[in-house]
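# Results of the structural survey
Spelled out, the chains give:
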Amino acid sequence: MGRRRHSIRFRTSFSNTIYDVMSGRGWKETDSETDWDLHWAEREWVYEVFDTMHLEPHQRLNHFRNGRELCRKDLLVKNLKRMKRGLQRDGQVDQARAYDFMPLSFVLPREYAMFVEEFKRSGGVWIMKPIGSAQGRGIFLFSRLSEISEWRTDPYRHLRDQNDKDAAPRAEPEAYIVQRYIENPYLIGGKKFDMRLYVLVTSFSPLVAYMYRGGFARFSHTRYSSDPADIANNFVHLTNVAIQKTAENYDARSGGKKDLRSLKLLLATRHGMAAVDRVFLAIERVIVRSLIAVQHVMIADKHCFELYGYDVLIDDQLKPWLIEVNASPSLSANTKEDYQLKCDMLNDTLDIVDVESKLRGDERSVGGFDLVYDGGVVEPDPQDCPWSTRLGTAVERRKDAEPPAEGAAA
């Protein structure tokens, strides 16, 4: 088993774009638990099984062992706060200030008293998020402490099926993150949006990270409103596709998305390309700093790589805010353009992981991915790129991916 075969064998439980891409490369699927070259696994499999296995040198796995340190909301907040405190303690005031890219956050119920003190001091609108949920599930906004009192009594009120009226309250609250809500989001057409960006980390020791040039903006389908009467309207405040696709005015043709390059060009018509370049560089720096903050707590394993989905929002002052990091960004596609984006991105990911041993090892760009950190910040070659970052720029492609036939995996 120690020698690599000519034909790559892959294992996965997914039936969406990643399956199509690996099959399209001529790789062979296997259901063997150990006899594979690359396993695109569920996060839970890694947490439950990985420590019991011995991997051969050539085998690759798509998650790091303790990826929760970056992707679970409470642990991300903990690591960012620790990084900022360390910089302040060392007198690096400007560096510490650069970590002010996540809204003020508290972990409940552990930091409830600290949160109440801050709330009574500053008030405003806050947002509650369960630490382990995805797709907008369980998220709600509030502006009165009485709403939190209800949550403390029945913490599953916002997670429970609303049709299940007989479900009993729970005595112990589920852990939540509570964050100051960004009430001044940048709007396009009067609607709120955030950006889904892709980052590939091939090593945490040393830290090696690639930024994908493409991505997309996810829009709400209801015009933004700061009216207190609209505080419970998730179609106004949350951009998650799983929520927005249930709206009456959902646009199935666009999927509620705009590709990142189109968004960048639109912003440039409003603010000029130089200003937009600064914004996109600031977004890239936010992502790099978040990775640096967890670098030394991540378990380094040469078998592992990880494709992260970053959610970033910009406010009306063009300041980027990190919303969350996803260890398993959705690889399903709801439009032809979405399918194309994800197939291209996944093919480039597998090119960098390089189980086929085709790379030289000194590449600064592979497909749509650009090396942004390799033991230190990597900047674009000014002879090839006139801007500070390639994020949001075009990628030349030789051939488009074809969506699967109806009934096939998508």
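Keep in mind it's a predicted model, so treat the numbers as computed, not measured.

Rules and cut-offs
- Residues numbered from 1 in each chain as written.
- Predicted model: local features only at pLDDT ≥ 70, side-chain atom pairs only at ≥ 80, totals over all residues.
- Heavy atoms only, no water.
- Phe/Tyr/Trp six-rings, centres within 6.5 Å; stacked < 30°, edge-to-face > 60°.
- Helix = DSSP H or I, 4+ residues; strand = E, 2+ residues; numbered from the N terminus.
- Buried < 20%, exposed > 50% of the residue type's maximum accessible area, 1.4 Å probe, protein only.
- Lys NZ or Arg CZ within 6 Å of the ring centre and 35° of its normal.
- Salt bridge = Lys/Arg side-chain N within 4 Å of Asp/Glu carboxyl O.
- pLDDT = per-residue confidence, 0-100.
- Contact = heavy atoms within 4.5 Å.
- Pairing = 2+ DSSP bridges.
- Axes fitted to C-alpha atoms, helices over the stretch in contact; angles between N-to-C directions.
- Parallel < 35°, antiparallel > 145°, perpendicular 65-115°, else oblique.
- Left-handed = near helix turned anticlockwise from the far one by under 90°.
- Nonpolar A, V, L, I, M, F, W, Y, C, P; charged D, E, K, R; others polar.

## Thoughts on the packing of aromatic side chains
- Scanning the model with the defined rule gives 16 aromatic pairs in all.
- Seen from their ring centres, Phe-106 and Trp-126 are 6.3 Å apart, and the 40 degrees between their planes marks the pair as tilted. Placement of the pair is Phe-106 in strand β5 (residues 105-108) and Trp-126 in strand β6 (residues 126-130), with a sequence separation of 20 residues.
- Here Trp-126 falls in the buried class, since its relative accessible area comes to 0%.
- Seen from their ring centres, Tyr-212 and Phe-369 are 4.8 Å apart, and the 55 degrees between their planes marks the pair as tilted. Of the two residues, Tyr-212 sits in strand β11 (residues 207-219) while Phe-369 sits in strand β16 (residues 369-374), which places them 157 residues apart along the sequence.
- You can call Tyr-212 buried: its relative accessible area is 3%.
- In this structure an aromatic cluster arises from ring pairing among Phe-106, Phe-115, Phe-119, Trp-126, Phe-140, Phe-142 and Tyr-176.
- Residue placement shows Arg-68 over the ring face of Tyr-47; its charged tip is 3.6 Å from the ring centre.
- Sitting over the ring of Phe-106, Lys-81 keeps its end group 5.4 Å from the ring centre.

## Focus: the pattern of salt bridges
- Per the stated rule, a full pass over the model turns up 23 salt bridges.
- Arg-285 is paired through a salt bridge with Glu-379; the nearest N and O atoms lie 3.8 Å apart. One end of the pair, Arg-285, is in helix α11 (residues 273-294); the other, Glu-379, is in the segment after β16, and 94 residues separate them in sequence.
- Overall, the relative accessible area of 53% leaves Glu-379 in the exposed class.
- In this structure, Asp-338 and Lys-342 form a salt bridge, with 3.2 Å as the shortest nitrogen-oxygen distance. Taken together, the residues span about one helical turn, with Asp-338 and Lys-342 both in helix α12 (residues 336-353) at a distance of four residues.

## Some thoughts on the confidence of the model for the chain
- A residue-level look at the chain finds 87% of positions with pLDDT of 70 or above and a mean pLDDT of 88.
- Long-range and interchain partners of residues 404-410, a stretch whose pLDDT sits below 50, account for 14 contacts in this model, where long-range means more than four residues apart.

## Focus on the sheet that holds strand β8 (residues 176-180)
- Strand order in the open sheet formed by four strands is β5-β8-β6-β7, and the pairing between neighbours is antiparallel. Of all strands in the sheet, those with a lone pairing partner are β5 and β7 (140-142), marking the two edges. Put simply, the sheet's adjacent strands are angled 25 degrees from each other on average, direction ignored.
- The sheet contact formed by β6 and β7 spans three bridges and is antiparallel.

## As for the packing of helix α10 (residues 260-271) against α11
- Between α10 and α11, whose axes approach to 7 Å, the crossing angle comes to 130 degrees. It follows that α10 is oblique to α11 by the angle criterion. Like other packed secondary-structure pairs, α10 and α11 cross with a definite hand, here right-handed. Contact residues: Leu-260, Lys-264, Leu-267, Ala-268 and His-271 in α10; Met-273, Ala-275, Val-276 and Phe-280 in α11.
- Grouping the amino acids of the contact of α10 with α11 by side-chain chemistry returns seven nonpolar, one polar and one charged.

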